[in-house]
Amino acid sequence: MPLFGKDCTRSKLQEEERYLKANDRNFNTKFHYVNNRIKTSKYNIFTFLPINLFEQFQRIANAYFLFLLVLQFIPQISSLSWYTTVVPLMLVLLITAVKDAIDDYHRYRSDNQVNNREVTILKDGKLQRGKWMHVEVGDVIRMENNHFVTADMLLLSSSEPYGLTYIETAELDGETNLKVKQALTVTSDMGENTQALASFDGEVRCEAPNNRLDKFKGTLTYKENKYPLDNEKILLRGCTLRNTEWCYGLVIFAGQDSKLMQNSGLSAFKRTNIDRLMNILVLWIFGFLIVMCTVLAIGNSIWESQKGYYFQVYLPWDVDTPNASFSGFLMFWSYVIILNTVVPISLYVSIEVIRLGSSFYIDWDSKMYYPKKDTPALARTTTLTEELGQIQYIFSDKTGTLTQNIMIFNKCTINGKMYGNVHDLSGQRIDITAKTEKVDFSFNPMADPKFVFYDHSLLEAVKIGDPEVHEFFRLLSLCHTVMPEEKQKGILIYQAQSPDEGALVTAARNFGFVFLSRTPETITLVEMGKTVVYELLSILDFDNVRKRMSVVVRHPDGKLYLYCKGADTIVFERLSASSQQLRDITTTHLDEFAGDGLRTLALAYKELNKVYFTNWQERYQEASTSLENREELLSELYEEIEKDLTLLGATAVEDKLQDGVPQTIETLSKANIKIWVLTGDKQETAVNIGYACNMLNEDMKNIFIIDGNNSEEVCVELRKASAIMRKEDQTEISIKQLKKPTFIPEENVDGEYGLVISGDLLAYALEDMEIDFLKTACLCKTVICCRVTPLQKAQVIELVKKYKKAITLAIGDGANDVSMIKAAHIGVGISGEEGTQAVLSSDFSFAQFRYLQRLLLVHGRWSYFRMCRFLSYFFYKNFAFTFVHFWYGFFCGFSAQTVYDEWFITLYNLMYTSLPVLAMSLFDQDVNDRWSMAYPQLYEPGQFNRYFNKLVFVKCIIHGVYSSLVLFFIPYGALFEAVRDDGETVSDYQSFALIAQTCLLVAVTLQIALDTSFWTAINHFFIWGSLAVYFAITFTMYSNGMYLMFPTSFPFIGTARNALNQPHVWLTIFLSAVMCVLPIIIVRYLSAELRPTSIDKLQLKIRKIKTLPPKPVVRRLKRPSARRSAYAFAHQQGFGALITSGKNMRIRNINYKPSKTVV
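Residues numbered from 1 in each chain as written. Predicted model: local features only at pLDDT ≥ 70, side-chain atom pairs only at ≥ 80, totals over all residues. Heavy atoms only, no water.

Scanning the entire structure with this criterion turns up 74 aromatic pairs. When the ring of Phe613 is compared with that of Trp616, the centres are 5.8 Å apart and the planes differ by 20 degrees; the resulting orientation is stacked. Placement of the pair is Phe613 and Trp616 together in helix α17 (residues 610–624), with a separation of 3 residues, close to one helical turn. Each member of the pair, Phe613 as well as Trp616, is classed as buried. Among the aromatic residues, those joined into a ring-pair cluster are Trp284, Phe288, Phe875, Phe879, Phe883, Phe886, Trp887, Phe890, Phe894, Phe948 and Phe953. Over the face of the ring belonging to Phe27 we find Lys21, whose NZ or CZ atom lies 4.7 Å from the ring centre. Its end group placed over the ring of Tyr494, Arg509 keeps NZ or CZ at 5.3 Å from the ring centre. (Phe/Tyr/Trp six-rings, centres within 6.5 Å; stacked < 30°, edge-to-face > 60°. Helix = DSSP H or I, 4+ residues; strand = E, 2+ residues; numbered from the N terminus. Buried < 20%, exposed > 50% of the residue type's maximum accessible area, 1.4 Å probe, protein only. Lys NZ or Arg CZ within 6 Å of the ring centre and 35° of its normal.)

Structure representation (structure tokens):
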């Protein structure tokens, strides 16, 4: 049983085979299989503190500060109070721990919600209600229609004939088309007999838990007989039961062992590019710190041996200090403590706060809120926001991510006339808008109210009885494998294998040809209010080779007709000579449909001779029962009957993209982001979506489709494509394996290219020729990988991360996308109708793909810009602060005395300079969101780390060192032997410390004012308010009252009022501050004037334009194309055989009474 949320039941040994017995928990418990509880959270109440602290101290800086804290407790070397380190360290650990706890609590709540779903379990011969987390391997459970499948299980029986069960796998792969599973006959006969099911004691031996969604191997032993088990008999966790009242299943894999969870993988600890750079820079700083401390320690040894040794009467050595060398050793550690502010711990506190603020901006952005589903954008991880501004590669799923998985009957051509366009009174074609009048289908009581069409002329043709139009819709209502269902009284629902078929049958329904019901032998239609029953004689089913489907039916008048629909190129080859003229006109219409990105199907029919068909049917029966060459014989018979067809027309279905997808892809391409599509769909569908999204277009110089049969052919094709793009010699292409480099640089080619490769060939590319594949793919503007497995998706991303060193983003919506979402630097989940598994594993989520451009171009760019500004300023101000100590060491005998008051050291980063830099880091913007979207080119600096890198860091050091020289020596020179107006000296240590720290604070305040691009009331309040707070605290702490109450803690009595009332002191402060910022002003001015970057020019252009850019308008991108897609079918073999066998039929009552029935 789980203990405190931690699953303790998993076997520690690697499982090689699963062996279980139905309805026998005692037997199954011996194998220590996990129960159905899932756990994606990382901590529990007992492990949170140790694990979280362990993770936090993996950060070099945290471990460093812990080491400093230990040093400060050693009296011989501690020159600062312990609280100067422990308070900031505790603060950063606390803030990070709280943030991690909140993130993990959200994961825990999500797990808890799933674990507490209710399910019906068969226990002790009775059906009992229980929770998902209490289900164990070997249990028999009952599931209801429209419910999620609880665990991976063997289908035993169902409400459907022959143990058939219909499922929807949207949670797994984002597809909403129905899939069918069938139970073994020996178990389906048990039905819902609870006694028979409770006494079922079958034993299952099968493969160990794995992440292969499409494969399963096992055997069932029952009553001394063995039955083979495959994927067609398995229901996977996360699927949804559809069109099936109930079913029973035997749990095989539960909880973390289920294929859904196996595909989820482990939650990787993601760190941003900035974090990785920071670790390197922190090591540099440590090295720099060691050098400085060594110099000062050597200086102390020399000073003590040459001068200190002779002044021991005034400056006695400690009893534990035997000589000058040991004194230098102790001073080394003392300076390590004093100079630790080069890496202040408040840096990490501020970074966490900035990231948290950026995450809230994403959550609060109303422009990324989807009102239809009441779904806001959500930053599920608060540590990756600035990396959104550095994305170079986007890897996207297709179904449910780019598309809505919704098909819409958009246009058609019937007998040479096109329907679907809208024209004005003068006959001019006009665009369809929200105000365009829709066709009124109120004449048809069975019309689908969701169906929309705008061309009224098509309905008029139906009403006047145009015979070709009637035959067109009759074909659509007869030639399909759709199953009707009445979920509510009088409401007809179609269950289709693919949304394509559903769209066509729904169109026919609305135009008066309603598909009402079917049996294995008949199809019942309601044609213009009259019920007509057609005898179904044969279904010539669809497959990927035939690319068409046909049905043979007998009309009520006794005539036989064959109706065919399929790819236009396939159907046109089988037309009679009489259809030639109509074919030419239809081809013109199809080209126009293709230009609109629509998926087309050609429709044709023929009347059959009764004698011929009887003979053909006999030969078909012989071929279908033949033991040899069955497929070839059937194919020949199909070819024989499907010829000399009469063309009716063609349909144009829109595979509806999510709103704004083409525009989003176009915008992201302008931002120099490459988009790859990784999908499980077949090649034709994936390529068609590529064209519809404008990722592929006719203007490309070449689109390489890799179709080799083995690894050598794939290698040759990849290298040939690479040679073509590079304009190299193609005659000498070898298959010699290339040496693997550590990094593949970016290359530019002349023109745009595309690459399409399928999953089986990708397997060769990823194993033997990953360098060839990556080099070729990276030369292309668009890459489409189709028929890929979830594992291959992750492998492609890992390949790009390994050799391109690029920041990657993966976006998807199904469980099959989880692996790539976790593999990428940034994972984005689409929270739509296709399940939540991807969202639960993602770093960011929203409802529509189009929001991705705002996430990257606005939030990502701003986050990166702000973080870089913050880091540059933070390192500058702390180097300026720290190096003053270094210079002071040469004037204090290298004694590790601090140049500032200890309270100033403590409050400098925590109070005086923290709020101004946070204000800049949370509110600053070089351009507003409208300009960021209008000019995607502004995104490029983040991709190349131009705003903060090692060179920028070195510049910060130089600037800080220069400022420290100014801040030390100008006050030093100004106060050297200086006196007040009343003749009293002001050249004492305390006055110098006060003036030096005041000069520092004024200088860094002016610098942040100079760095701020976008001023708000908060910026003004924090920047100038921090200065005011400094003076208020200084005068308070240096007052007589504080000294009298705490004489040891506040020794600077009267220093502020004695020093800061002198004019020359204020002149010194002014001169120091101006000298610090003047070089920066000069350098920035000269750089912008003499060597402006393209981004500088663009920003100057934006500043000169007084008005905001117009709001983006979503426009339909039309592409001229001669390419047509012809798939309005499911991706797998159709249901034709099931329908004609009658195995999937049961009596359904459709509550509709027609005016007349014709049989």
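On to the packing of helix α9 (residues 273–306) against helix α10 (residues 324–338). Running from amino to carboxyl end, α9 crosses α10 at an angle of 145 degrees, the nearest separation of the two axes being 8 Å. As for the relative orientation of α9 and α10, their crossing is right-handed in sense. Along the contact surface, α9 presents Leu289, Ile290, Cys293, Thr294, Leu296, Ala297, Asn300, Ser301, Glu304 and Ser305, while α10 presents Ala324, Ser325, Ser327, Gly328, Met331, Phe332, Tyr335 and Val336. The residue inventory of the contact of α9 with α10, partitioned by class, reads 10 nonpolar, 7 polar and 1 charged. (Axes fitted to C-alpha atoms, helices over the stretch in contact; angles between N-to-C directions. Left-handed = near helix turned anticlockwise from the far one by under 90°. Contact = heavy atoms within 4.5 Å. Nonpolar A, V, L, I, M, F, W, Y, C, P; charged D, E, K, R; others polar.)

Read from one edge of the open sheet, 9 strands run β14-β35-β34-β33-β15-β29-β32-β31-β30, paired in mixed fashion. Every interior strand has two partners, whereas the edge strands, β14 (378–379) and β30 (702–706), have only one. Here 5 bridges tie β30 to strand β31 (residues 753–758), and the two strands are oriented parallel to one another. Each residue of the ladder has a partner; that of Ile706, found in β31, is Ile757. Contacting β30, β31 and β32 (782–786), helix α22 (residues 759–767) crosses the sheet at an angle of about 100 degrees to β31. (Pairing = 2+ DSSP bridges.)

As a rule of thumb, soluble globular proteins bury nonpolar side chains together. With 106 residues, the main nonpolar core has Leu871 and Phe875 as its most contacted residues. Counting residues per element, this core draws most heavily on helix α27 (residues 851–889), at 17 residues. Not counting the four nearest positions on each side in its chain, Leu871 is found in contact with Ile274, Met278, Leu347, Ile351 and Phe948. Counting residues in hydrophobic clusters, the runner-up holds 53 residues, among them Val439, Val462, Val482 and Ala508. (Core = buried A, V, L, I, M, F, W, Y, C linked by side-chain atoms within 4.5 Å.)

Now for the side chain of Asp843. One can find Asp843 in the loop between α26 (837–840) and β35 (844–846). Non-local contacts of Asp843, meaning those with residues more than four positions away in its chain, are made with Lys270, Leu378, Ala379, Arg380, Thr381, Leu384, His825, Ile826 and Gly827.

Here we take up the pairing of strand β27 (residues 599–608). Along any regular strand the residues' side chains alternate between the sheet's two faces. Within β27, 8 of the 10 residues are buried, which leaves it mostly tucked inside the rest of the structure. As judged from the 7 bridges shared by strand β26 (residues 560–566) and β27, these two strands associate in the antiparallel manner. By the bridge assignment for β27, Lys565 is matched with Leu603. Two strands pair when backbone bridges link them, and β27 and strand β28 (residues 646–657) are joined in this way by 7 bridges, in the antiparallel orientation. The partner of Arg599 across the bridge, within β28, is Val653.

Counted as a void, the second largest pocket has a volume near 2,000 Å³. Considering the residues around the second largest pocket, the lining is formed by 41 residues, among which Arg869, Tyr947, Arg1084, Ser1087 and Asp1096 are closest to the centre. Elements with a minimum of two residues in the lining of the second largest pocket: α27, α32 (950–975), α33 (989–1011), α37 (1063–1090) and α38 (1094–1104). Among the residues forming the lining of the second largest pocket, the class breakdown is 21 nonpolar, 9 polar and 11 charged. (1 Å grid on protein atoms, 1.4 Å probe; cavity = no way out; pocket = protein on both sides within 12 Å on 5 of 7 lines; lining within 4 Å. Points joined across faces, edges and corners; volume = space filled by probe spheres on them.)

Two elements in contact, helix α19 (residues 661–670) and α27, have axes separated by 9 Å at closest approach and are oriented at 25 degrees. Between α19 and α27, the angle is such that the two are roughly parallel. Read as a crossing pair, α19 and α27 show a hand that is left-handed. Counted together, Thr664, Thr667 and Leu668 of α19 and Leu852, Gln853, Leu856 and Leu857 of α27 form the full contact between these two elements. A breakdown of the residues in the contact of α19 with α27 according to their chemical character gives 4 nonpolar, 3 polar and no charged. (Parallel < 35°, antiparallel > 145°, perpendicular 65-115°, else oblique.)

Opposite charge on two side chains makes pairing possible when the charged atoms of those side chains draw close. Counted according to the given criterion, the structure contains 44 salt bridges. The salt bridge involving Lys793 is made with Asp817; its shortest N-O contact spans 2.7 Å. Separated by 24 residues along the polypeptide, Lys793 in helix α24 (residues 790–804) and Asp817 in the loop between β33 (808–812) and α25 (818–823) bring together distant segments of the chain. The residues Lys793 and Asp817 share a single accessibility class, namely buried. Among the charged side chains, a salt-bridge network with shared partners connects Arg546, Arg548, Glu573, Arg574, Glu639 and Glu642. (Salt bridge = Lys/Arg side-chain N within 4 Å of Asp/Glu carboxyl O.)

Another point: the sheet that holds strand β11 (residues 234–235). In sheet architecture, strand pairing relies on hydrogen bonds along the backbone and comes in two forms, parallel and antiparallel. In spatial order, the strands read β3-β2-β4-β13-β5-β11; together these 6 strands make up an open sheet with antiparallel pairing. The open sheet has two edge strands, β3 (126–131) and β11, and neither has a second partner. Alignment of strand β4 (residues 140–144) against strand β13 (residues 246–253), held across 5 bridges, turns out to be antiparallel. Within β13, the residue paired with Arg142 across the bridge is Tyr248.

Topologically, Pro499 is positioned in helix α14 (residues 499–510). For Pro499 and Ile406, which are 93 residues apart along the polypeptide, the C-alpha to C-alpha distance reads 6.1 Å.

We now examine a nonpolar patch on the surface. Taken together, the side chains of Val291, Val295, Phe890, Phe891, Leu965, Phe969, Tyr972 and Phe976 make up a nonpolar region of the molecular surface, amounting to roughly 700 Å² of accessible area. It is α32 that contributes the most residues to the nonpolar patch, 3 residues altogether. The topology assignment puts Phe890 in the loop between α27 and α28 (902–912). (Patch = residues over 30% accessible without salt bridge, like charges linked within 9 Å, V, L, I, M, F, W, Y side chains within 5 Å. Areas by Shrake-Rupley, 256 points an atom, 1.4 Å probe, with all protein chains shown as cover.)

Right, let's talk about the confidence of the model for the protein chain for a bit. Per-residue confidence for the protein chain gives a mean pLDDT of 84; residues scoring 70 or more make up 88%. Averaged pLDDT values for the elements of the protein chain fall to 40 in strand β36 (residues 1156–1158) and rise to 95 in β13. Across residues 1–12 the pLDDT falls below 50, and counting only partners more than four positions away or on other chains, this stretch makes 26 contacts in the model. Confidence drops under a pLDDT of 50 for residues 1117–1122, and excluding neighbours within four residues, the segment shows 20 contacts in the predicted structure. (pLDDT = per-residue confidence, 0-100.)

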